[in-house]
Protein chains: 4
Amino acid sequence: MKNEVTSCVDACLNCYKLCLDCAHECIKMADEHMLDCVQNCLDCAELCSLCARFSATDSPYAKRLCEMCADVCNACAAECEKHNHAHCQACAEACRTCAAECMAMA
Amino acid sequence: MKNEVTSCVDACLNCYKLCLDCAHECIKMADEHMLDCVQNCLDCAELCSLCARFSATDSPYAKRLCEMCADVCNACAAECEKHNHAHCQACAEACRTCAAECMAMA
Amino acid sequence: MKNEVTSCVDACLNCYKLCLDCAHECIKMADEHMLDCVQNCLDCAELCSLCARFSATDSPYAKRLCEMCADVCNACAAECEKHNHAHCQACAEACRTCAAECMAMA
Amino acid sequence: MKNEVTSCVDACLNCYKLCLDCAHECIKMADEHMLDCVQNCLDCAELCSLCARFSATDSPYAKRLCEMCADVCNACAAECEKHNHAHCQACAEACRTCAAECMAMA
């Protein structure tokens, strides 16, 4: 893998990890005010995982998925940034980093 | 694929679909009494999806994963059967069917 | 789930199954003429699986992913239709059906 | 997440990345002597991804999946170690590290 691909894959996998953690912690709150955060994080986790896969395997669809992944990461970050929980803040930061890496690939 | 493999894969994919639906509906309730149902359904969905993949691609690990999948399906069914919601009941039935197919493969 | 959503999810999961089978059989041929078929099927399988998930859980990104999934399904079908193997023909048919369902959702 | 969980999740995600890369490079060789490497890497990638998810979301099935993941990682490493390609060697190393982390969790 080229360095810039590895960098994007790593950002996607880190974002996958922190989105899963944030979704899990927010689900446990059973608080309807956190539902948008849960759905955003679950969707973002899946896209990051697939984006890492397509990038790592040099898929002809990697760029198109990176573009979509960047949009979803930014939307997830915007939602997570509204909440003061440590897991939301950590997730938001990972999402912003991943969005930037994905935009560089797209 | 042999017929019995196709039958197991189909049961896994149906269970994946109904576990995702049940988890999604239960998350939206934001009710702490449904949290065990959410976690069971999310875990069961993932295992069913992977079990379908390993079975469809004749993985040497398919039997071992089928055995684990059957256990998780039965545990998920036991939890879903406690709840009267239509999505929980539909999920429980899919889990029992999937558990039986996976046990036949294991 | 609404009927049209269930119909799309089922088409995606059927396509996932047949793409995995086709990829697996083509990999075993170890024939460089089948490599495009392998990569198309692996990519298509992943997108179908995620498209089923986003549709089943009413994701706000379901429509956009359905549109991408339809494009990838049609490309995969076009490649599989070049090959006379039973698994390629079965995969091509599932891809065309899935593409139509996804376009109806997008 | 506790530190030891993060450490296991990171090892799983790194192994996922290198197994995907190794599988992709080996598929492109279209060499029947690499088929065991391809299947091992594809299976191992999936298990690592799911193991990272179950560990990150504190699933009650995390330990059982970690145990299975460790076994599959060791088998994948044993196969990859037979081949002198840089991607096989990098994958083997990631598999051994992941197996050790997963055993510590199981």
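As annotated in an unreviewed UniProt entry, chain A is Four-helix bundle copper-binding protein from Arundinibacter roseus.

S.K.: Can you lay out the relation of the copies chain C and chain B for me, pointing to particular residues and giving the numbers?
M.R.: Least-squares fitting of chain C to chain B yields an RMSD of 0.0 Å, with the superposition described by an axial translation of 0.0 Å and a rotation of 180 degrees. Both copies of the chain, as the preceding transformation shows, are related through a two-fold rotation axis. The rotation axis passes nearest to the C-alpha of Leu13(C) in chain C, at a distance of 3.3 Å. The overlap is high: 100% of the interface residues of chain C also sit at the interface in chain B, so the same surface is used on both sides.

S.K.: Just give me the short version of the interface of chain C and chain B, but keep the residues and values in it.
M.R.: At the interface, 16 residues of chain C touch 16 residues of chain B. Of the roughly 1600 Å² buried between chain C and chain B, counting both surfaces, carbon and sulfur atoms make up 56%. Our count for the chain C to chain B interface comes out at 4 salt bridges. In this structure, the salt-bridge partner of Arg53(B) is Glu46(C), at a minimum N-O distance of 2.5 Å. At the junction of chain C and chain B, the tally comes to 8 residue pairs in polar contact (both at pLDDT 80 or more). Of all the secondary-structure elements, those providing two or more residues to the side of chain C that touches chain B are helix H1 (3–29) and helix H2 (35–56) of chain C. Per-element tally for the side of chain C that touches chain B: the top contributor is H1(C), with 9 residues.

S.K.: Explain H2(C) to me, using residue names and the numbers behind them.
M.R.: Over its 22 residues, H2(C) runs 32 Å from end to end, which matches the ideal 32 Å to within 8%, given 1.5 Å per residue. The buried fraction of H2(C) amounts to 18 of the 22 residues, a majority that puts the element mostly inside the structure.

S.K.: How would you sum up the environment of His85(B)? Please name residues and give values.
M.R.: All names here are of chain B. Here His 85 lies in the loop between helix H3 (62–80) and helix H4 (86–105). The sequence separation of His 85 and Cys 22 amounts to 63 residues, and the corresponding C-alpha distance is 9.1 Å. Not counting chain neighbours up to four residues away, the residues in contact with His 85 comprise Met 29 and Met 34.

S.K.: Would you mind going over the relation of the copies chain C and chain A in detail, with residue names and values included?
M.R.: With an axial shift of 0.0 Å and an RMSD of 0.0 Å, the rotation relating chain C to chain A amounts to 180 degrees. Counting the interface residues of chain C, we find that 100% of their copies in chain A are interface residues as well, pointing to one common contact surface.

S.K.: A description of the interface of chain C and chain A should follow, citing residues and the corresponding values.
M.R.: Taken residue by residue, the interface counts 20 residues in chain C and 20 residues in chain A. Where chain C abuts chain A, roughly 1700 Å² becomes buried across the two surfaces, and 60% of that area is made up of carbon and sulfur atoms. When residues of chain C are sorted by the area they lose upon contact with chain A, Tyr61(C), Arg64(C) and Met68(C) head the list and together hold 35% of the total. Inspection of the chain C/chain A interface yields 4 salt bridges. Ionic pairing is found between Arg64(C) and Asp71(A), a salt bridge with its closest N-O pair at 2.8 Å. Remark: the boundary between chain C and chain A carries 8 residue pairs in polar contact (both at pLDDT 80 or more).

Scoring rules and cut-offs
- Residues numbered from 1 in each chain as written.
- Chains lettered and ligands numbered in written order.
- Predicted model: local features only at pLDDT ≥ 70, side-chain atom pairs only at ≥ 80, totals over all residues.
- Heavy atoms only, no water.
- Least-squares fit on C-alpha atoms with pLDDT ≥ 70 in both.
- Contact = heavy atoms within 4.5 Å.
- Buried area = accessible area lost by both parts, 1.4 Å probe.
- Salt bridge = Lys/Arg side-chain N within 4 Å of Asp/Glu carboxyl O.
- Polar contact = N/O pair within 3.5 Å; in protein donor to acceptor, adjacent residues only side chain to side chain.
- Helix = DSSP H or I, 4+ residues; strand = E, 2+ residues; numbered from the N terminus.
- Expected span 1.5 Å × (residues − 1).
- Buried < 20%, exposed > 50% of the residue type's maximum accessible area, 1.4 Å probe, protein only.

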